[in-house]
Amino acid sequence: MAKYQNVQEFVDKYQTLMNPDKVVWIDGSTKQKKELTDEAVASGEVLRLNNKLLPGCLYHRTAINDVARVENRTFICSRDKENAGPTNNWMEPQEAYEKLDAIAKDCMVGRTMYVIPFSMGKIGSPFAKYGIELTDSIYVVLNMAIMTRVSSKVLDKIGDDGVFVRGIHSKVKLEEENRYICQFPEDNTIYSLNSGYGGNVLLGKKCFALRIASYQGWKEGWMAEHMLILGIQKPDGETKYVAAAFPSACGKTNLAMLIPPDCYTEEGYKVFTVGDDIAWIRKGRGGQLYAVNPENGFFGVAPGTNIKSNPNALTCTKKDTIFTNVLYNPSDKTVWWEGLNNTPPENAIDWKGNPWTPTTVDANGVKVKGAHPNSRFTAPAKNCPCISSEFESRAGVPLSAIIFGGRRAKAAPLVYQAFDWNHGVFVGAVMASETTAAAAGAVGVVRHDPMAMLPFCGYNMSDYFQHWLNMGKKVKANAPKIFNVNWFRTDENGKFIWPGYGENMRILDWILKRCEGEVAAEEGAIGYLPFASDIKLDGLDFSIEQLESIIGVDKETWQDEVKDIETFFTKFGDKLPNELRKQLKSLKARVNKL
Ligand code: SAT
Ligand code: MN
């Protein structure tokens, strides 16, 4: 055990504090996974689904007050308050440890504590970072085994230098008022107490791969971003890679797995998925930025996923998948969610565990949803029919473009390109999007969400902006081109104008053509804007006039946008990089000239 001394000391410390009846080390083996699944099925923690239709699939319901990330209960516990910055909740570390340890004391009495050694990134690769998560939930163990690389080999890797991220999770009593998701970036430590919902408890994901890793990246000269990564193979066989940042539940999984329209597939275009949620990005060979997906599975939003919107994601969920908070059909042990198809089961059990039929209404006569809007599937990446051959790449994939995007009913046009890297950083920094069900709280409210990292940046957002500017200097001429997209413009009836999904390939095509200097663009007030004729509409029932209606920039709307950005920037005070202030001034001048 000497080699694992740090790990053993960590486990001993929390075993003493949380006082489980038993400690089980997770080794990543199929045999152990099967035993744990049997145990979770026996206790009712998970249900086994139809073994013919959904082999190896499981069903789970979380507590009904525990169905999304809780941003108001999430804290960055840096020693200096300034290092958490104006966009994070902060708690002084000593005070936080005392508070959390008091909640965690004896919380595992009568339970088993599982010790999960896991790797974010391919074990042994230059990008890989290791962690140990302690948890009292088999559901968490089984999900971590899909989402990360769980293996006892990780212990050997940690043995080399003793560095690992410490994750402490307990459901405790699932009390909302004592729910805490705390990151201690300077200590490589995460506490997650009183929750059982994915984003709060699969500590490899947001807590580690974004909050802790963004801090590590800042210190070590790389970036941890809330981005999908996809590859577009052109007819000549060459593949170009792009990374795209969107807030949670804005279609990252759908974009990452898109199937191009016929006019592209006929020419030989193919899209491959490298990742759907997180990208770790470093400078690599040839002075370019390279990205890896540190995860090993997809934790996707179920509602809206169907054979048309995302056939690849649907295929991912056909085996070895865990479904959480979707509708359960006891008659054939399958699952259903809104937007899967038009044939919901007649007699089912909804995500709250109540009997449900397609006509069930609540006390106000409103139709009751069978699946929670943030219900999820946890599916292994290897299930994905379009998984990239570079998924396991040690070096990552070179990025040609970085795309930012959000849900905006009005302001943002379908697509535009930043003038250069620094302008692109500004475009990312001023991103705003309507909130979704992925986080507890109001849905549909526009809020600023820089680089889609508002809930995930583990340090001061001003330093984060500066880090972006610095990364651009590191790669200079080889920097990816930066774009902004908005699939969510609506008409006067509130209906989406752009068809989205696979049709987004048409915009990716324009983006790649811009990267390669193959199409011209108009130097507009907010960036380079496309000429409508350069966006391929072949085979699509969408007129050039409709296209024109969503690619332009409206003076008044953007004057309001500028005002809104000015207010947003005051949040950062003097610490805001001057470059961003300069960019805002230039934007204002250009918009006023419209
Ligand atoms: O719930 S998660 O945080 O894992 C997914 C998301 O909100 O992006
Ligand atoms: Mn996400």
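Throughout this document, residue positions are counted from 1 along each chain, in the order its sequence is written. For naming, the first written chain is A and the first written ligand is 1, with later ones following in the order written. Where local features are concerned, this predicted model is filtered to residues with pLDDT of at least 70; where side-chain atom pairs are given and counted, the filter is 80 or more; whole-chain, interface and lining totals use all residues. Heavy atoms throughout the structure, all of them, feed into the side-chain values; hydrogens and water do not.

**What about the packing of aromatic side chains?**
Think of a pair of aromatic rings as described by two things: how far the centres are apart, and how the planes are tilted against each other in angle.
Moving on, step 1. Between the rings of Phe, Tyr and Trp (Trp by its six-membered ring), a pair exists once the centres lie within 6.5 Å; its type follows the angle of the planes, with under 30 degrees stacked, over 60 edge-to-face, and the other angles tilted. Summed over the entire model, instances satisfying the criterion amount to 31 aromatic pairs.
Moving on, step 2. Ring-pair connections join several aromatic residues into one group, and the members of that group are Tyr-215, Trp-218, Phe-426, Tyr-459, Tyr-464, Phe-465, Phe-568, Phe-569 and Phe-572.
Moving on, step 3. Note on criteria: charge over ring means Lys NZ or Arg CZ within 6 Å of the ring centre, with the direction from the centre no more than 35 degrees off the ring normal. Geometry around Phe-164 places Arg-166 over its ring, the cationic atom sitting 4.3 Å from the centre.
Moving on, step 4. Over the aromatic face of Tyr-264 sits the side chain of Lys-536, whose NZ or CZ is 4.6 Å from the ring centroid.

**What to know about the packing of helix α2 (residues 30-43) against helix α4 (residues 138-147)**
The description of two packed helices rests on the angle between their axes and on the distance between the axes.
Moving on, step 1. At a minimum axis distance of 10 Å, the contact between α2 and α4 shows a crossing angle of 140°. With respect to α4, the axis of α2 lies oblique. For the element pair α2 and α4, the recorded crossing hand is left-handed. In this structure, α2 uses Lys-33, Leu-36, Thr-37, Glu-39 and Ala-40 to contact α4, whose residues at the interface are Ile-138, Val-141 and Leu-142.
Moving on, step 2. Here the contact of α2 with α4 is built from residues that sort into 5 nonpolar, 1 polar and 2 charged. Where helices are involved, their axes are fitted lines through C-alpha atoms of the stretch in contact, as for all axes, and angles between N-to-C directions lie from 0 to 180°. For helices the rule is a DSSP run of H or I covering at least 4 residues; for strands it is a run of E covering at least 2, with both sets numbered from the N terminus onward. Working rule for angles: under 35 degrees goes down as roughly parallel, over 145 as roughly antiparallel, 65 to 115 as roughly perpendicular, anything else as oblique. Helix crossings fall into two classes, left-handed where the near helix is turned counterclockwise from the far one by less than a right angle and right-handed where it is turned clockwise. In this analysis, two residues are considered to be in contact whenever any of their non-hydrogen atoms come within 4.5 Å of each other. When residue character is reported, Ala, Val, Leu, Ile, Met, Phe, Trp, Tyr, Cys and Pro are called nonpolar, Asp, Glu, Lys and Arg charged, and the others, Gly included, polar.

**Brief notes about the site of ligand 1**
Moving on, step 1. The local shell around ligand 1 consists of Arg-69, Tyr-197, Gly-199, Lys-205, Lys-206, His-226, Ser-248, Phe-299, Arg-376 and Ala-438.
Moving on, step 2. Pairs of N or O atoms within 3.5 Å make up the polar contacts considered here, provided that, within protein, one atom can donate a hydrogen while the other can accept it, and that residues adjacent in sequence are counted only when both atoms are side-chain atoms. Within the side chain of Tyr-197, one N or O atom sits 2.7 Å away from an oxygen atom of ligand 1.
Moving on, step 3. Within the side chain of Ser-248, one N or O atom sits 2.7 Å away from an oxygen atom of ligand 1.
Moving on, step 4. Each accessible area value is a Shrake-Rupley result obtained with a 1.4 Å probe; residue values ignore everything except the protein chains displayed when judging cover. Isolated, ligand 1 exposes 250 Å² of accessible area, and the fraction of that covered by the protein chains is 98%.
Moving on, step 5. Residue classes in the shell around ligand 1 are distributed as 3 nonpolar, 3 polar and 4 charged.
Moving on, step 6. The domain limits used here are those given by an automatic or database domain assignment. Two domains each provide a minimum of three residues to the shell around ligand 1, namely domain 1 (2-47 + 69-221) and domain 2 (225-296 + 389-592). Nearness of a residue to a molecule or strand requires only that one of the residue's heavy atoms be within 4 Å of it.

**Digging into the nonpolar core**
Moving on, step 1. To define a nonpolar core, start from buried Ala, Val, Leu, Ile, Met, Phe, Trp, Tyr and Cys residues and group those joined through side-chain atoms within 4.5 Å. Three exposure classes are used, based on accessible area relative to the maximum for each residue type with a 1.4 Å probe and protein chains only: buried under 20%, partly exposed in between, and exposed over 50%. Grouped together as the largest cluster of nonpolar side chains are 96 residues, with contacts concentrated most on Trp-280, Phe-404, Trp-468 and Phe-569.
Moving on, step 2. Broken down by element, the residue count for this core peaks at 8 residues, all from α4.
Moving on, step 3. Split by domain, the residues of this core number at least three in each of domain 1 (2-47 + 69-221) and domain 2 (225-296 + 389-592).
Moving on, step 4. Core analysis: the second largest hydrophobic core is formed by 41 residues, Leu-230, Ala-244, Phe-488 and Ile-511 among them.

**Describing the state of the cysteines**
Formally, a disulfide is one covalent bond, and it connects the sulfur atom of one cysteine to the sulfur atom of another.
Moving on, step 1. Working definition: a disulfide is two cysteine sulfur atoms within 2.5 Å of each other. Scanning the entire structure with this criterion turns up 0 disulfides.
Moving on, step 2. This cysteine, Cys-57, is not joined by any disulfide, and Cys-316 carries the nearest cysteine sulfur, 11 Å off.
Moving on, step 3. Residue class for Cys-57 comes out buried when judged on its relative accessible area of 1%.
Moving on, step 4. Counting only cysteine sulfurs, Cys-182 is the nearest neighbor of Cys-107, a cysteine outside any disulfide, at a range of 14 Å.

**Details of the domain arrangement of the protein chain**
Moving on, step 1. Partitioning the protein chain into domains gives domain 1 (2-47 + 69-221), domain 2 (225-296 + 389-592) and domain 3 (298-383).
Moving on, step 2. By definition, the buried area sums, over both parts, the 1.4 Å-probe accessible area that each loses when the two are put together. Both sides of the domain 2 and domain 3 interface together cover about 1,100 Å² of buried area, and 63% of this is carbon and sulfur.
Moving on, step 3. Here, a salt bridge means any side-chain nitrogen of Lys or Arg that lies within 4 Å of a carboxyl oxygen of Asp or Glu. At the junction of domain 2 and domain 3, the tally comes to 0 salt bridges.
Moving on, step 4. In this assembly, domain 2 and domain 3 are joined by 4 residue pairs in polar contact (both at pLDDT 80 or more).

**Regarding helix α16 (residues 578-592)**
Moving on, step 1. For α16, which comprises 15 residues, the first-to-last C-alpha distance of 21 Å matches the rise-based estimate of 21 Å (1.5 Å per residue) to within 8%.
Moving on, step 2. The set of residues buried in α16 consists of Glu-579, Leu-580, Gln-583, Leu-584, Leu-587 and Val-591. For α16, the arc enclosing every buried residue in end-on projection is 140°, short of the 170-degree limit, so these residues lie on one face. Facing away from the buried side of α16, by more than 90 degrees, are the exposed residues Asn-578, Lys-582 and Lys-585. Residue count minus one, scaled by 1.5 Å, sets the expected span of a helix. Here the arc refers to the directions that run from the helix axis out to each C-beta atom.

**Quick look at the pattern of salt bridges**
Moving on, step 1. With the rule as written, the count across this model stands at 29 salt bridges.
Moving on, step 2. Of the charged contacts in the structure, one is a salt bridge between Lys-513 and Asp-509, with a shortest N-O distance of 3.0 Å. Within this pair, Lys-513 and its partner Asp-509 are both found in helix α13 (residues 505-515), separated by 4 residues, close to a single helical turn.
Moving on, step 3. Residue Lys-513 is classed as partly exposed on the basis of its relative accessible area, which comes to 23%.
Moving on, step 4. Across the pair Glu-579 and Lys-582 runs a salt bridge whose closest N-O atoms are separated by 3.3 Å. Of this pair, Glu-579 and Lys-582 are both found in helix α16, 3 residues apart, which corresponds to roughly one turn of the helix.
Moving on, step 5. For Glu-579, a relative accessible area of 19% gives the class buried.
Moving on, step 6. On the basis of relative accessible area, Lys-582 is assigned to the exposed category, the value being 54%.

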